[in-house]
Amino acid sequence: MATSILLSNPFTSSPLLPKPKILHSATPTSHFLKPINIPNSNPLFHKKTQFQFPGNSLPICRKVLAVGETDGSVSDEPMVGEDSAEFDFAKQKIISWVYFTGVLGVVLFILDVGWIDNSTGFGKAFIDAVSSVSDSPEVVMLLLTLIFAVVHSGLASLRDPGEKLIGERAFRVLFAGTSLPLAVSTVVYFINHRYDGVQLWQLQSVPWIHHLVWLSNFISFFFLYPSTFNLLEVAAVDKPKMHLWESGIMRITRHPQMVGQVMWCLAHTVWIGNSVAVAASVGLIGHHLFGVWNGDRRLAIRYGEDFEVVKSRTSVIPFAAILDGRQKLPKDYYKEFIRLPYLTITGLTLGAYFAHPLMQAASFRLHW
């Protein structure tokens, strides 16, 4: 049998190359179909063929394969972003997690005394001030969401100059110290007033609705909190960084927080079915849609060409890049989720579900 070489390039066989000899032997055919390792002086057999297109398009590299050989790689292009949710126990320091525990305790104490406790904090005064604008719970819900969105996204947009001015850790403290009380106020008001307003539909008696809502909420948290990829940075124990994640949940969507928020809002709106839930969902979804544009803009400024590469092979709409072939999932893609941060999200999500009665009771006692 004749052993052939399959070239993945646009050139046909040249008449200058000698014709392959036909070998006749009793030796099994499979003996001749093994990959050829004999060096060849023709440079065509040693180099990748490149085609340079005008503009900013990337060169296309084609591999030379022998008959029977398959391309085992998932993508010819290396990953330029970071491996999300990677957690290496060998790199962890006990003292860092001791600091984290201490910082978390101090933050919760200050939040309680300075904002939540009605006798010492400013939370109730803030809610009363916003509520004085209108008697409509829908309007107040939208205003609280808008205030949080402006502060949160505004500070995020000022991150680069802010970090240069006061440093990464100090800016993180400013960012969290301003956003967290506003987020707590918005959540508490929603819990206390979620059944106010006009009832638009009532689906809670439908047997399968609870299971659908529960499953949607559970999945949404895997999208909602990519920040848990590095808790030490969230608490400013490690120096905070603006990350360009590329693996894990980012292969499904480049903006998982937006997708998770949409899922959470739709599930709660379907379950509650009134105008307050609709108002909260409109405000939160609008905020996260703005975050899609603002997030891409900030990453493009920080990472330039690397972000453009990640953007070209990811999508905002879940699974879009996978379906149109721009994102090729590894064969062991599931392993990118079997990591401590995702396991932590699983535990916290289940804990939050079972803690719903406690959260509701604590919110009612505040009378916000």
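Refer to the preceding data block for the structure.
Residues numbered from 1 in each chain as written. Predicted model: local features only at pLDDT ≥ 70, side-chain atom pairs only at ≥ 80, totals over all residues. Heavy atoms only, no water.

Draft legend 1. View of the overall build of the chain. Looking only at helices and strands, the chain features 13 helices and 4 strands. In the chain, which comprises 368 residues, the proportion classed as buried is 35%. Taking contacts inside the chain between residues at least 6 apart in sequence as the whole, the part at least 24 apart equals 75%. Carbon and sulfur atoms make up 67% of the accessible area of the chain, which totals about 22,400 Å². (Helix = DSSP H or I, 4+ residues; strand = E, 2+ residues; numbered from the N terminus. Buried < 20%, exposed > 50% of the residue type's maximum accessible area, 1.4 Å probe, protein only. Contact = heavy atoms within 4.5 Å. Areas by Shrake-Rupley, 256 points an atom, 1.4 Å probe, with all protein chains shown as cover.)

Draft legend 2. Quick peek at the packing of aromatic side chains. Applying the stated rule across the entire model yields 12 aromatic pairs. On the numbers, 5.7 Å between centres and 45° between planes, the contact of F290 with W293 is tilted. Here F290 pairs with W293, and both are found in helix α9 (residues 275-303), just 3 residues apart, close to one helical turn. The partly exposed category is assigned to F290, whose relative accessible area is 38%. For W293, a relative accessible area of 53% translates into the label exposed. Through a chain of ring-to-ring contacts, three or more aromatic side chains come together here, namely W214, F218, F222, Y353 and F354. (Phe/Tyr/Trp six-rings, centres within 6.5 Å; stacked < 30°, edge-to-face > 60°.)

Draft legend 3. Representation of the pattern of salt bridges within the structure. A full pass over the atoms with the stated rule returns 9 salt bridges. In this structure, the salt-bridge partner of E246 is R313, at a minimum N-O distance of 2.7 Å. On the criterion of sequence distance, the pair formed by E246 in the loop between α7 (231-234) and α8 (256-272) and R313 in the loop between α10 (305-312) and α11 (320-323) is long-range, its members being 67 residues apart. The pair formed by E246 and R313 is uniform in burial state, with each residue classed as buried. Notably, a salt bridge pairs E336 with R251, separated by 3.0 Å at the nearest N-O pair. Here E336 is found in the loop between α11 and α12 (340-354), whereas its partner R251 is found in the loop between α7 and α8, with 85 residues between them in sequence. Residue classification places E336 among the buried residues on the basis of a relative accessible area of 10%. (Salt bridge = Lys/Arg side-chain N within 4 Å of Asp/Glu carboxyl O.)

Draft legend 4. Representation of helix α1 (residues 94-116) in the model. Taking 1.5 Å of rise per residue, 23 residues should cover 33 Å, and α1 covers 31 Å from first to last C-alpha, within 8% of that figure. Along α1, the residues that are buried comprise S96, F100, L111 and W115. (Expected span 1.5 Å × (residues − 1).)

Draft legend 5. Summary view of the packing of helix α6 (residues 209-224) against α12. For the pair α6 and α12, the least separation of the axes is 9 Å and the interaxial angle reads 140°. Put simply, α6 runs oblique to α12. Relative to α12, α6 is oriented so that their crossing is right-handed. Judged by residue contacts, H210, W214, F218, F221 and F222 of α6 engage Y342, I345, T346, T349, L350 and Y353 from α12. Of the residues contributing to the contact of α6 with α12, the split by class is 8 nonpolar, 3 polar and no charged. (Axes fitted to C-alpha atoms, helices over the stretch in contact; angles between N-to-C directions. Parallel < 35°, antiparallel > 145°, perpendicular 65-115°, else oblique. Left-handed = near helix turned anticlockwise from the far one by under 90°. Nonpolar A, V, L, I, M, F, W, Y, C, P; charged D, E, K, R; others polar.)

Draft legend 6. Quick peek at helix α2 (residues 123-131). Among the residues of α2, those classed as buried are G123, F126, I127 and V130. Axial view of α2: buried residues confined to an arc of 95°, hence all on one face. The elements touched by buried residues of α2 are α1, α3 (137-157) and α5 (168-193). (Arc of directions from axis to C-beta.)

Draft legend 7. Spotlight on the side chain of S275. Its location among the elements puts S275 in helix α9. Side chain to side chain, S275 and E138 meet in a polar contact 2.4 Å long. Among residues more than four places away in sequence, those in contact with S275 are E138, G197, V198 and L200. (Polar contact = N/O pair within 3.5 Å; in protein donor to acceptor, adjacent residues only side chain to side chain.)

Draft legend 8. Highlighting the environment of V316. Locating V316 in the fold gives a position in the loop between α10 and α11. Classification of V316 as partly exposed rests on a relative accessible area of 25%. Separated by 24 residues in sequence, V316 and V292 have C-alpha atoms that sit 7.9 Å apart. Not counting residues within four places of it along the chain, the set of residues in contact with V316 comprises T253, R254, H255, M258, V259 and V292.

Draft legend 9. Inspection of the nonpolar core at higher detail. Ranked by internal contacts, the top residues of the largest apolar core, which has 38 residues, are F126, L144 and W264. Among the elements of the structure, α1, α2, α3, α5, α6, α8, α9 and α12 are those that each provide at least two residues to this core. Counting residues in each nonpolar core, the second largest holds 5 residues, with M242, L244, F307 and V310 among its members. (Core = buried A, V, L, I, M, F, W, Y, C linked by side-chain atoms within 4.5 Å.)

Draft legend 10. The arrangement of the packing of α12 against helix α13 (residues 356-366) in detail. Orientation of α12 relative to α13, taken along the N-to-C sense of each, is 60°, at an axis distance of 4 Å. Classified by the interaxial angle, the pair formed by α12 and α13 is oblique. Contacts from A352, Y353 and F354 in α12 reach H356, P357 and M359 in α13. A per-class count over the contact of α12 with α13 returns 5 nonpolar, 1 polar and no charged.

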